[in-house]
Amino acid sequence: MSSPNTPEIARIPSAPFDENTYVLRLSGRQEAVVVDPGLEPDKIVDYLEEAGLTPTAILCTHGHSDHIAGNETLRQKWPDCPIVIGKGDAYKLTDPVGNLSAQFGMPIQSPPADTTLVEGDRYEAAGLTFRVLETPGHSAGHVVFVLEEANPTWLLGGDMLFRQSIGRTDFADGDPTAMLASIREKLYRLPDDTIVYPGHGPETTIGFEKQHNPFVPG
Ligand SMILES: [Zn+2]
């Protein structure tokens, strides 16, 4: 068993894009933070209910539909839970073209943002404090959340850095140059042992990607 006040994290993947939702909490506490609720929100609700957890914030790394599709269901169940996203991507929550769902033929809207974040903000929920970095490239308003109270540091990285891969940059507001700059100048400056919890696929570390990422050598 982990000791009290140790951060814990669970990954809940959703079809069809194998998008990762994460549920974070401090051990022994009943409040939780949900990151990037995906296209199978019933799995997230079941997880929270079985664990006896109440979400006190929904954090979205960016506004693409596979990362926000579960917001509505969670909010119906927990109406007081705020939706939090980077300032630049907030409009995508309620814009099916901006969040790409219209293009996939199943328009999705989330409730609007309750709080928007910018570079350097610290957002606190469920006893956890997340530092915000703006990381344009995959989506212009993409942000990542750094949890420094975990040891080693955790990065909720969204669709930036994957294990030996990176996020797409060919969407309307994608930018390959910005993508490389965000990874090199923000993510690669985190400690090498930082654990990356990405929006798709398995976790990795900053140090591993500096050594082995074919798209962004360290
Ligand atoms: Zn995305």
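Here, the structure is the one placed above.
Just so we're clear, the structure is a prediction, and the values are computed from it rather than from any experiment. (Residues numbered from 1 in each chain as written. Predicted model: local features only at pLDDT ≥ 70, side-chain atom pairs only at ≥ 80, totals over all residues. Heavy atoms only, no water.)

Draft legend 1. Inspection of the sheet that holds strand β3 (residues 31-35) at higher detail. Read across the open sheet, the six strands follow the order β1-β2-β3-β4-β5-β6; overall the sheet is mixed. A single partner strand is all that each edge strand has here, and the edge strands are β1 (7-14) and β6 (115-117). When the angles between neighbouring strand axes are averaged without regard to direction, this sheet yields 25 degrees. As judged from the three bridges shared by strand β2 (residues 19-26) and β3, these two strands associate in the antiparallel manner. In the sheet register, Tyr22 faces β3, and the bridge partner there is Val35. On top of the sheet, helix α1 (residues 41-50) reaches β1, β2, β3 and β4 (54-60); it is set at about 150 degrees to β1, its chief contact. (Pairing = 2+ DSSP bridges. Helix = DSSP H or I, 4+ residues; strand = E, 2+ residues; numbered from the N terminus. Axes fitted to C-alpha atoms, helices over the stretch in contact; angles between N-to-C directions. Contact = heavy atoms within 4.5 Å.)

Draft legend 2. Main features of helix α4 (residues 176-185). Within the span of α4, buried status applies to Ala178, Met179, Ser182 and Ile183. Along the axis of α4, the buried residues cluster in a sector spanning 130 degrees; they form a single face. Turning to α4, the residues buried within the fold contact β11 (161-162) and β12 (165-166). Capping of α4 at its N-terminal end is provided by Asp175; its side-chain oxygen lies 3.0 Å from the backbone amide nitrogen of Thr177. (Buried < 20%, exposed > 50% of the residue type's maximum accessible area, 1.4 Å probe, protein only. Arc of directions from axis to C-beta. Polar contact = N/O pair within 3.5 Å; in protein donor to acceptor, adjacent residues only side chain to side chain.)

Draft legend 3. The nonpolar core, seen in detail. Among the nonpolar cores identified, the biggest contains 23 residues, and Leu24, Val33, Leu59, Phe130, Phe145 and Leu156 are the most heavily contacted of them. Put simply, the parts of the chain that give this core at least two residues each are β2, β3, β4, β7 (122-125), β8 (128-134), β9 (143-147), β10 (154-158) and β13 (195-198). The contact partners of Phe145, leaving out residues within four places of it in the chain, are Leu59, Cys60, Thr61, Leu117, Phe130, Arg131, Val132, Trp154, Leu155 and Leu156. Of all hydrophobic cores here, the second largest spans 18 residues; its members include Ile12, Val45, Cys81 and Ala90. (Core = buried A, V, L, I, M, F, W, Y, C linked by side-chain atoms within 4.5 Å.)

Draft legend 4. Local environment of a nonpolar patch on the surface. Taken together, the side chains of Phe17, Phe104 and Met106 define a hydrophobic patch exposed on the protein surface, amounting to about 270 Å² of accessible area. Within the secondary structure, Met106 is located in the loop between β5 (83-86) and β6. (Patch = residues over 30% accessible without salt bridge, like charges linked within 9 Å, V, L, I, M, F, W, Y side chains within 5 Å. Areas by Shrake-Rupley, 256 points an atom, 1.4 Å probe, with all protein chains shown as cover. Salt bridge = Lys/Arg side-chain N within 4 Å of Asp/Glu carboxyl O.)

Draft legend 5. Representation of the sheet that holds strand β14 (residues 204-205) within the structure. Spatially, the six strands line up as an open sheet ordered β7-β8-β9-β10-β13-β14, and their pairing is mixed. Edge positions in the open sheet fall to β7 and β14, since each of these has one partner strand only. Bridging between β8 and β9 involves four bridges; their strand directions are antiparallel. Bridge pairing in β9 places Glu134 opposite Val143.

Draft legend 6. Fine view of the pattern of salt bridges. Taken as a whole and judged by the stated rule, the model has 12 salt bridges. In this structure, Glu148 and Arg122 form a salt bridge, with 3.6 Å as the shortest nitrogen-oxygen distance. Placement of the pair is Glu148 in the loop between β9 and β10 and Arg122 in strand β7, with a sequence separation of 26 residues. Accessibility expressed as a relative area gives 54% for Arg122, which makes it exposed. Here the residues in one salt-bridge network are Asp89, Lys92 and Asp173, joined through shared partners.

Draft legend 7. Local environment of the environment of Gly199. Its location among the elements puts Gly199 in the loop between β13 and β14. Taking the C-alpha atoms as reference, Gly199 lies 19 Å from Pro55; in sequence the two are 144 residues apart. Residues contacting Gly199, with those up to four places away along its chain left out, are Asp18, Glu19, Asn20, His67, Gly158, Asp159 and Phe162.

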